[in-house]
Amino acid sequence: MSEPRPVAVIVLAAGEGTRMKSRIPKVLHTLCGRSMLGHALAAAGGLEPQRLVVVAGHSREEVSAEAARHAAGVCLVVQERLGGTGHAVRMVTEALGDLPGVVVVTYGDMPLLRAQTLAALVREHQAAGNAVTVLTARVPDPSGYGRIIRDDGGSLAEIVEDADATAAQRAIDEINSGCYAFDGTLLADAVKRVATGNAQGQEYLTDVVAILRGDGHPVGAVLAADPGEIQGVNDRVQLAQARRAYNDRLLEQWMRAGVTIVDPASTWVDVDVTIGQDTEIGPGTQLQGHTAIGAGARIGPGCQLTDTTVADDAAVSHAVCVQAEIGPGATVGPYAYLRPGTRIGPGAHIGCHVELKNAAVGAGAKVPHLTYVGDADIGERANVGAGTIFANYDGAAKHHTTVGAHAFIGSDTVLVAPVSVGDGAYTAAGSAITEDVPPGAIGIARGRQHNSAGWVERRRPGSRAAEAARAREAEEAEAARAGAAGARAAEDEEAQPR
Ligand code: UD1
Ligand code: CA
């Protein structure tokens, strides 16, 4: 069945969101990696309307920019004065002229709404031939929402806002979701007749229902199949609830697709993340932005991956990775920090307390312990010893370091860039390498060791160290005497004729 295309979907996003107590306009607050406005536009766009309209008012530049980012051809209507949801829609009908056909209105603060729910609303609306069809829901706690008032026959009569409701009306648990399908022509006429004699002194879009019914037009209500979808977000408590609900929805989708989520309660996934089959996500893990995980990988516990690609069968634990690429079968962590431009080759290993930035690590190479790698290429199967520092910054500019294939960087080497260590070359532990090391050579750049015998006895006489040294010397001297005596005895024995 081909879906009926609405002539317009209008997303209301002009409100300030006072209850958020924020400098950021409400609809730009995010959940699961997308603003509330972005979520609303994704659902609205799913209907493929002829026009996708956003009403912006408060912080309109930011709201408009965000709208354009999510929907290229979006049509922006400015609401100069926040006169209410009815006023907002009137601004649209006055700006766009006649909209013959189905017009859908949704609010920018209901991020859980699905496109298919809107589509079902439109189908029902058209099948019933209504002037307006309201999406409603039955909820355990209806406070704050507009209540659905039905007549004695059970038909939709009107919507009463929480602030204007009587005690008896407040007890009604069927609420207005804030999504409607309208006959566009009738809507344009009705919004001109919405009064402001209510608790908030505003033009309520919800009043259009009683107006159209009073005109003798059929009006209807459709109960949402999943009441969780219509949750509006007015404050940060509701934002957290919506985020949790959205996250649960995403995790369920991934689990049903063959991903193991060990602890859904502590796992957070953004809407644009992808995860392959048989991958296991450990507790305390956050996958953000456009992170893409392959199949058979193990991520976590304790990972935060942002815009990072992890190939099949890789394992990452206790790591923070931003714009990094991790190759197939590679292992990262625990306690690694992969910054933008890090590329870890197939089967390579990045170990504990290692930080990388703008660095490529070749296939099978190892950077196992306590190392900083910045602006570098490390060849395949190279080994970077514990405590190595790639000194890429001279205080003015960043420079590049190359470590060749099968090279061996001794522990506590400082590679002062720009510098290169050739294929199969070594550096001696503790070296500060400032000149290139040719292939197959060892670079030794450290002071030679000199032992000053008896220094402790001379400079720290009577100390524990001096005592320990003396005791050890005495033991060794005794052992040497005993050894010499034993050797003589053996010689004598051997000299005896049998
Ligand atoms: C609204 C409904 C209520 C419904 C609830 C569902 C009205 C009068 N009330 O109440 O029946 O149960 O949503 O969540 O419609 N906006 C504008 N311009 C304005 C005022 C609001 O664009 O002048 C936008 C806001 O940015 C927001 C949306 O409209 O995205 C809803 O406004 P809000 O103030 O949150 O309405 P509620 O009090 O939640
Ligand atoms: Ca709201």
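Preceding block: the structure.
Residues numbered from 1 in each chain as written. Chains lettered and ligands numbered in written order. Predicted model: local features only at pLDDT ≥ 70, side-chain atom pairs only at ≥ 80, totals over all residues. Heavy atoms only, no water.

(A) Just the packing of aromatic side chains, in detail. Enumeration over the complete set of coordinates arrives at three aromatic pairs. Here the aromatic rings of F408 and Y426 are separated by 5.0 Å at their centres, their planes lie at 25°, and the arrangement is stacked. Highlighted residues: F408 in strand β32 (residues 408-409) and Y426 in strand β35 (residues 426-427), separated in sequence by 18 residues. For F408, a relative accessible area of 34% puts it in the partly exposed group. Ring-pair connections join several aromatic residues into one group, and the members of that group are Y107, Y180 and F182. Across the ring face of Y246, the terminal group of R249 is positioned such that the distance to the ring centre comes to 5.1 Å. (Phe/Tyr/Trp six-rings, centres within 6.5 Å; stacked < 30°, edge-to-face > 60°. Helix = DSSP H or I, 4+ residues; strand = E, 2+ residues; numbered from the N terminus. Buried < 20%, exposed > 50% of the residue type's maximum accessible area, 1.4 Å probe, protein only. Lys NZ or Arg CZ within 6 Å of the ring centre and 35° of its normal.)

(B) Summary view of the site of ligand 1. What surrounds ligand 1 is a group of 23 residues, the closest being Q79, T85, Y107, E161 and N176. Within the contact set of ligand 1, an oxygen atom lies 2.7 Å away from a backbone nitrogen or oxygen of N176. Taking N234, its side chain carries an N or O atom lying 3.3 Å from an oxygen atom of ligand 1. Alone, ligand 1 offers 760 Å² of accessible surface; in the complex the protein occludes 91% of this. More than half of the atoms of ligand 1 fall within 2 Å of the grid points belonging to the largest pocket. If you list the elements that add at least two residues to the shell around ligand 1, you get β1 (8-13), α3 (85-96) and β10 (174-183). The residue makeup of the shell around ligand 1, split by class, is eight nonpolar, 11 polar and four charged. (Near = heavy atom within 4 Å. Polar contact = N/O pair within 3.5 Å; in protein donor to acceptor, adjacent residues only side chain to side chain. Areas by Shrake-Rupley, 256 points an atom, 1.4 Å probe, with all protein chains shown as cover. 1 Å grid on protein atoms, 1.4 Å probe; cavity = no way out; pocket = protein on both sides within 12 Å on 5 of 7 lines; lining within 4 Å. Sits in = over half its atoms within 2 Å of the grid points. Nonpolar A, V, L, I, M, F, W, Y, C, P; charged D, E, K, R; others polar.)

(C) The pairing of β1, seen in detail. Most of β1 sits inside the fold, with six of its six residues counted as buried. Because side chains alternate across β1, one face comprises the buried residues A8, I10 and L12, and the other comprises V9, V11 and A13, equally buried. Taken together, the five bridges between β1 and strand β6 (residues 102-107) define a ladder with parallel strand orientation. Within β6, the position partnered with V9 by the bridge is V104. (Pairing = 2+ DSSP bridges.)

(D) Representation of α3 within the structure. The end-to-end C-alpha distance of α3, which contains 12 residues, comes to 17 Å, matching closely the 16 Å that a straight helix rising 1.5 Å per residue would cover. Counting buried residues in α3 gives nine out of 12 residues, a clear majority hidden from the surface. Taken together, the buried positions of α3 are G86, H87, A88, V89, R90, M91, V92, T93 and L96. Buried residues in α3 make contact with β1, β4 (51-56), β5 (75-78), β6 and α6 (184-190). Phi turns positive, to about 75°, at G97, one or two residues after α3. (Expected span 1.5 Å × (residues − 1). Contact = heavy atoms within 4.5 Å.)

(E) Main features of the coordination of the calcium ion (ligand 2). Every protein donor of the calcium ion (ligand 2) is listed here as D109 (OD) and N234 (OD1), and their distances to the metal cover 2.3 to 2.4 Å. Of this pair, D109 sits in the loop between β6 and α4 (115-128) while N234 sits in the loop between β11 (219-223) and α8 (236-256); the two residues are 125 residues apart in sequence, bridging distant segments of the chain. Neither residue differs from the other here; D109 and N234 are each classed as buried. (Donors = N, O, S within 2.8 Å, 3.2 Å for Na, K, Ca; no water.)

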